[in-house]
Amino acid sequence: MSELLNPQEKLTPDTFLRGLWEENPVFVMLLGLCPVLAVTSTTLNALAMGLATTFVLVCSSLLVSLLRHWIPKQVRIASYIVIIATFVTIVDYAIQAISLELYAALGAFIQLIVANCVILGRAEAYASKQRLHTTLVNSLGMGAGFTLALLALGTVREILGNGTILGVSLFSPDFQPWIVMILPPGGFFVLGAWLLLFNWLRESKVRRAAKFTGAPADAR
Amino acid sequence: MSRGIEIRTSPHLKRVVTVDKIMRTVVLALLPIAAFAVWQFGLSALLLLLTTTGVAILTEAFFARVSGRGNTVSDWSVVITGLLLGLTLPPGFPLWMAAVAAFVGVALGKALFGGLGYNVMNPALVGRAFVQAAFPVAITTWTPAFAPGRFTEIIPSTLTPPFMQPIPVDDWVAGLNLDGWSGATPLAIQKFQHIETPLMDTFSGMIAGSAGETSAILILICGLWLAWQRMLDWRIPVSVMAGAVLVALPFWLLDPNIYPSPWFVLCSGGLMLGAWFMASDMVASPVTASGVILYGLFIGALTVVIRLFGGLVEGIMYAILLANALGPLISSWTQPRVYGSK
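Remember, it's a predicted structure, so these values are computed and weren't measured experimentally. (Residues numbered from 1 in each chain as written. Chains lettered and ligands numbered in written order. Predicted model: local features only at pLDDT ≥ 70, side-chain atom pairs only at ≥ 80, totals over all residues.)

## A closer look at the overall build of chain B
In terms of regular secondary structure, chain B is built from 14 helices and 0 strands. Ordered by position from N to C terminus, the α and β elements of chain B give α-α-α-α-α-α-α-α-α-α-α-α-α-α. Since a compact globule built from 342 residues should have a radius of gyration of about 20 Å, the 21 Å found for chain B is in line with a globular shape. Projecting the C-alpha coordinates of chain B onto the three principal axes gives extents of approximately 75 × 50 × 30 Å. Looking at chain B residue by residue over its 342 residues, the buried ones come to 50%. Within chain B, residue pairs in contact and separated by at least 24 positions form 75% of the contacts whose partners lie at least 6 positions apart. (Helix = DSSP H or I, 4+ residues; strand = E, 2+ residues; numbered from the N terminus. Rg over C-alpha atoms; globule rule 2.2 N^0.38 Å. Buried ≥ 20, exposed ≤ 12 C-beta atoms within 10 Å, placed from the backbone. Contact = placed C-beta atoms within 7 Å.)

Right, dumping it as structure tokens:
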């Protein structure tokens, strides 16, 4: 019945690639910005957060997709949250077991993955309507897009704010770190700069296309 | 236009004051302060002012070109931003950091909001707040005023290569053989050692500090001239100073050994420059007459509260930025009653 209401997506490269560029959860949809701003002060934190979120995203999307015929519509959000919270707990314990230092650096933001709108959004908008294999590929793409966005912020902030990348020093010891970049305002500055760049790229693409077809140039 | 009957809405009588005329007058009022800064701190201050003004102009020209707003450099507002920014920085501030401050101030504080008239905050202070957060050590490294040979040699930290840490100035300062130089401004000495610099020194400007904030009397004269020319709202600087005195006075009466005197509060640090030239920014301040008084009192009071109880030595910058952010709210609170309405 739900198959009829929701046309099933065919598996194409686009199923995966959408999450990276066209529907990038951070740079296009602006979802899950809390960890994006909070834990990207170093590349390693960004990478760990991205991978943890991707794990939760993929696993919970798969489970939601598997159970999509059994979850009653009225309690679906609560059910999704229970599913997501299960995987967040697994990640929470796993990171504690792997590196207590990383666990301390990421702080409450590991538990807060449960409230990440990227994951709930995927469950509601995609996994609950689509088949298992497309859900897997789509959520992998979204997770990769989220991780890439975190890395984009994390590397810039670590290079400017600390002069290092993954803890390896890049410049001479005389390098002046831009301390603001590893402070909270730095997260806003770098996110704003990336958004500016991507919006500008998208608009200039639209403008070029309009020039080619002779249609009026209006990016919005 | 045809010479028939012309139908127009009010106002019918206008003063012929254009934006660029106001801005040119403000630049003119800033020139004596800039000249004093160069006389006091020498070549380094000159290079600093030239760098901030030059980079500010280039940034404005770049964004005007990119956004297609036309030539916005010629309204002179960006020259004020550049000059003011230079005047608020320490004289030995590395030039590359000053360039960063000017770029961030104009780009982030002004251009991204839509240019002159749309900026929420004073662009010069946005730039300074950025470098204060980015380079906290460099922006609190002070050099003595009236160093001998200041017109022939440059403070070593000024010419720091880009992206490098400032060259230490300790050896250079030691080579000057100055008596009683502790590397601190009167504000810091008052805050941490509770010793007040004599009023005559802070009033006339014979002290260390940011390039253009030292001479209270000179800023007062230039500001008064500007107010007399009606190029700034006198209510703003007066209420800033009143707010500062209102908060400082009770504490000073309570314990004059620890707390600064009201006249020291007025003449030290950036309060004068901030009150007359930055809080009075026409775009970023509230628009109503009672609103600007509230705004000024808030700035003055908050500045003294930060100075007395905050971790920072000087608070005028954050006080003005916060008050700028509150500006629209204050304006809407203090809307005058329209004649005839309830």
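And the narrative resumes.
## Re the interface of chain B and chain A
Size of an interface: often given as the accessible area lost when the parts come together. Facing the 8 residues of chain B at the interface are 8 residues of chain A. Here the side of chain B that touches chain A is built from residues that sort into 7 nonpolar, 1 polar and no charged. (Nonpolar A, V, L, I, M, F, W, Y, C, P; charged D, E, K, R; others polar.)

## Remarks on the domain arrangement of chain B
Residue and element names in this part refer to chain B. Taken as a whole, chain B is organised into domain 1 (17–171) and domain 2 (184–333). Measuring from the centre of the C-alpha atoms in domain 1 to the corresponding centre in domain 2 gives 20 Å. Taken together, the 35 residues of domain 1 in the interface contact 32 residues of domain 2. Secondary structure elements with two or more residues in the side of domain 1 that touches domain 2: helix H1 (19–41), helix H2 (43–67), helix H3 (77–88) and helix H5 (123–134). Ranked by residue count, the leading element in the side of domain 1 that touches domain 2 is H1, at 12 residues. Broken down by class, the residue content of the side of domain 1 that touches domain 2 amounts to 26 nonpolar, 8 polar and 1 charged. (Domains from an automatic or database assignment.)

## Some thoughts on the UniProt feature "modified residue: FMN phosphoryl threonine" (unreviewed entry) in chain B
Residue and element names in this part refer to chain B. Annotation from UniProt places "modified residue: FMN phosphoryl threonine" (unreviewed entry) at Thr185. Checked against the element boundaries, Thr185 lands in the loop between helix H6 (170–175) and helix H7 (186–193). In this view, Thr185 contacts Trp142, Ile207, Ala208 and Gly209; residues no more than four positions away in its chain are not counted. (UniProt positions renumbered as here; feature names shortened; annotations may be inferred.)

## So, the UniProt feature "transmembrane region" (unreviewed entry) in chain A
Residues and elements named next belong to chain A. The sites that UniProt annotates as "transmembrane region" (unreviewed entry) are residues 20–40, 46–65, 77–96, 102–123, 135–155 and 175–201. Each end of residues 102–123 is marked by a C-alpha atom, and these two atoms are 28 Å apart; helix forms 55% of the span and strand 0%. End C-alpha to end C-alpha, residues 135–155 measures 30 Å, and it is 100% helix and 0% strand.

## Focus on the environment of Leu195(A)
All names here are of chain A. Note that Leu195 resides in helix H9 (residues 184–213). You can call Leu195 partly exposed: it has 14 C-beta atoms within 10 Å. Linking Leu195 and Val26, residues 169 residues apart in sequence, is a C-alpha distance of 9.1 Å.

## Section: the environment of Ala35(B)
Residue and element names in this part refer to chain B. The residue Ala35 is located in helix H1 in this model. Using a count of 15 C-beta atoms within 10 Å as the deciding quantity, one classes Ala35 as partly exposed. Sequence separation between Ala35 and Leu302 is 267 residues; the distance between their C-alpha atoms is 30 Å.

## Here we look at unusual backbone geometry
Residues and elements named next belong to chain B. Its identity is not glycine, yet Phe146 carries a phi of approximately 55°, on the positive side. Residue position: Phe146 is located in the loop between H5 and H6. In the Ramachandran plot, Phe163 falls in the positive-phi region, its phi being about 65° despite a non-glycine side chain. Mapped onto the secondary structure, Phe163 falls in the loop between H5 and H6. Using a count of 18 C-beta atoms within 10 Å as the deciding quantity, one classes Phe163 as partly exposed.

## Here's the deal with the packing of helix H8 (residues 132–162) of chain A against H9(A)
Residue and element names in this part refer to chain A. The contact between H8 and H9 brings their axes to 10 Å, and the two run at 125°. In terms of their interaxial angle, H8 and H9 are classed as oblique. Judged by the sense of rotation from one axis to the other, the crossing of H8 with H9 is right-handed. Contacts from Ala152, Leu153, Val156, Arg157 and Gly161 of H8 reach H9 at Gly186, Gly187, Val190, Leu191 and Trp194. Tallied by class, residues from the contact of H8 with H9 come to 6 nonpolar, 3 polar and 1 charged. (Axes fitted to C-alpha atoms, helices over the stretch in contact; angles between N-to-C directions. Parallel < 35°, antiparallel > 145°, perpendicular 65-115°, else oblique. Left-handed = near helix turned anticlockwise from the far one by under 90°.)

## Here's the deal with the UniProt feature "transmembrane region" (unreviewed entry) in chain B
All names here are of chain B. UniProt records the feature "transmembrane region" (unreviewed entry) for residues 21–39, 95–113, 125–147, 206–227, 234–254, 260–279, 291–310 and 316–334 in the present numbering. Each end of residues 291–310 is marked by a C-alpha atom, and these two atoms are 26 Å apart; helix forms 95% of the span and strand 0%. In residues 316–334, the share of helix is 95% and the share of strand is 0%. The end C-alpha atoms are 24 Å apart.

## Section: the packing of H3(B) against H5(B)
Two quantities define a packed helix pair, namely the angle between the helix axes and the distance between the axes. Residue and element names in this part refer to chain B. For the pair H3 and H5, the least separation of the axes is 8 Å and the interaxial angle reads 40°. Classed by the angle they form, the pair H3 and H5 counts as oblique. You can see that H3 and H5 cross each other, and the crossing is right-handed. Across the interface between the two elements, Thr81, Leu84, Leu85 and Thr88 from H3 touch Pro123, Ala124, Gly127 and Arg128 from H5. Looking at the contact of H3 with H5, its residues break down into 4 nonpolar, 3 polar and 1 charged.

## Section: H2(B)
Two residues of an α-helix separated by three or four positions point the same way, owing to the 3.6 residues in each turn. Compared with an ideal rise of 1.5 Å per residue, which puts 25 residues at 36 Å, H2(B) spans 36 Å between its outermost C-alpha atoms and is within 8% of the ideal. Looking at the residues trailing H2(B), positive phi occurs at Gly68(B), about 70°. (Expected span 1.5 Å × (residues − 1).)

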